[in-house]
Structure formats: structure tokens, C-alpha cells
Amino acid sequence: MRVYAVELSFNNKAEAIILPVNPQSMEISETGNGSTYDVMGLGQVNVIKDRELTEYSFSSIFPAVEYSFVTGFNDLPKVVEGENSEDKVNLAEGQLLKPVEYVKAIERWMAAKRPIRFIFVSDTYYINTPVSIESFQWKEVAGSGGDIEYSITLKKFVFYAARKIEKLKSVGKAAPNKAVPPRPTDKVQPKTYKMIAGDTLWKIAKTQLGDGARWKEIQKLNSIQDAEITKLPVGKVLKLP
């Protein structure tokens, strides 16, 4: 099996990373959820239930240098199509990051308690599904030159939404129309910040995101031109990543 690419993305692809080194193997676990009972006169019987959610596990490294086996982003297929037209994604976008940046991104997504999108493309099959990050272990091995080894386990995520139950007041009357619940999505509702006197994008990134170096994310998200950075008015509402 030849692996073309593995992509992890968050918040409807507002953030996305393509793994720089493809895993040597992908472990996919699909198990049943049956229950066994003892029945007098029959012995044990097994009641088959819906199967458990699929788990995906793999290990690899985040390299500190661009080895010969690092994924060549320019060689990836431009568009990969799934069973539906919605399953199209551009896997050619990406760059080699510092190993710690991959770790920070995954840990940040875990802390958000939201599902991410997992895309796996090979010459034999294609996976495109929302997942939760069940476990993530990493370590920097002495003598590796800064490479980080990691293993990660993902579990398929099924969106759900609570429905309001309407109680009928009297028999014979037509039931009221039930509002259709909004379609679940893995997109996080954007946060906003209203600028005050003395604010800069760096200061806002530091106080609101915890890292002043992320000010460029705010600039990009709000389509702010370089020439406008020092001229932002007090009271301007900015979207935050």
C-alpha cells in the first residue's frame, strides 16, 4: 500500500497540517458491541448490537530537517475525490514546520474539546471523517537531531444534537410543527474582540490567544492589509482564531 498523504484539520480547515512523514502502517480497529447472556435451557446467547466507533492508530515522526523521505508536498495529488462531491480537498497546500509546532497544534485541538477532520489517502482506499483525538504521546529522542517521535489514536466522531419534545395539550389537534435542528458541524463559532485605545495586533494576540506571535493569524483572518496595521480604529471588532 502506498500512502499519498495524511491530513489533520481543525475548525472546518481553518487550521490544517499534512504529516511530513507518512506512517509505515495504519491500524484500523472495528469491533462489535454484542452482549452475552446465559439463558436457561439454551446456554449462552449473543445479542448483536451496533458496532463500536472505528479507531485509527498510527506512529511516525515530526522531522527537524527535510530528510529524503519527507513528504514532497508539490508531488501530492491536487484534488482527491471521495464518494461525494463534498469530499474534495486540496492536499497540495502545506509546508514543513518545526517539530514542536505540530505538537502544539495537536495539543491545542485536544484542549478545544472539538472534533477534527482526518483524511487518509492511499492507492487502496480513502478516509475522510470527523474524529476525536483519544490519545497523543510524543518524545524527543536523544541523538535524533531534534526529531520528535509520536503515536496518536483517533476515534470516529458522530455529530449529534438534542431535540426538543413538544407535549400535545389535547387529543385530536394536529401536532405543532417541529423546528428542524441545525445541521451539526465541526466548525467552531468565531470569537470576537472589540479594539480599545492602545491596542495592537500583537497585544491582542498576547492577551486573547496567549501568544503575541499569533498576531499574523488575526491579520489574515480579518483580511487586514499591511498598510492598515497601525491605523486600526478604536471600536473595530476583530474575529479571533
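Residues numbered from 1 in each chain as written. Predicted model: local features only at pLDDT ≥ 70, side-chain atom pairs only at ≥ 80, totals over all residues. Heavy atoms only, no water.

Looking now at the pairing of strand 7 (residues 116-122). Within strand 7, 6 of the 7 residues are buried, which leaves it mostly tucked inside the rest of the structure. The pairing of strand 7 with strand 8 (residues 126-140) spans 6 bridges and is classified as antiparallel. Within strand 8, the position partnered with Ile 119 by the bridge is Asn 128. (Buried < 20%, exposed > 50% of the residue type's maximum accessible area, 1.4 Å probe, protein only. Helix = DSSP H or I, 4+ residues; strand = E, 2+ residues; numbered from the N terminus. Pairing = 2+ DSSP bridges.)

Turning to the nonpolar core, a few remarks are in order. Residues Leu 8, Phe 58, Phe 62, Phe 118 and Leu 154 are the most contacted members of the largest nonpolar core, which totals 25 residues. Within the residue set of this core, elements represented by two or more residues are strand 1 (3-10), strand 6 (55-62), helix 1 (99-112), strand 7, strand 8 and strand 9 (148-156). The biggest single contributor to this core is helix 1, with 5 residues. The residues contacting Phe 62, other than those within four sequence positions of it, are Leu 19, Pro 20, Pro 99, Tyr 102, Val 103, Ile 106, Phe 136, Asp 147, Ile 148 and Tyr 150. One finds Ile 204, Leu 209, Leu 232 and Leu 240 within the second-largest nonpolar core, a separate group that totals 11 residues. (Core = buried A, V, L, I, M, F, W, Y, C linked by side-chain atoms within 4.5 Å. Contact = heavy atoms within 4.5 Å.)

We now examine the environment of Phe 58. Counting through the fold element by element, Phe 58 comes out in strand 6. By relative accessible area, which is 4% here, Phe 58 ends up buried. On a C-alpha basis, the gap between Phe 58 and Asn 22 in space is 9.5 Å, while along the polypeptide they are 36 residues apart. Setting aside chain neighbours within four positions, we find Phe 58 in contact with Val 6, Leu 19, Pro 23, Ser 25, Met 26, Phe 118, Tyr 150, Ser 151, Ile 152 and Leu 154.

None of the figures reported here should be taken as evidence of function without further support.
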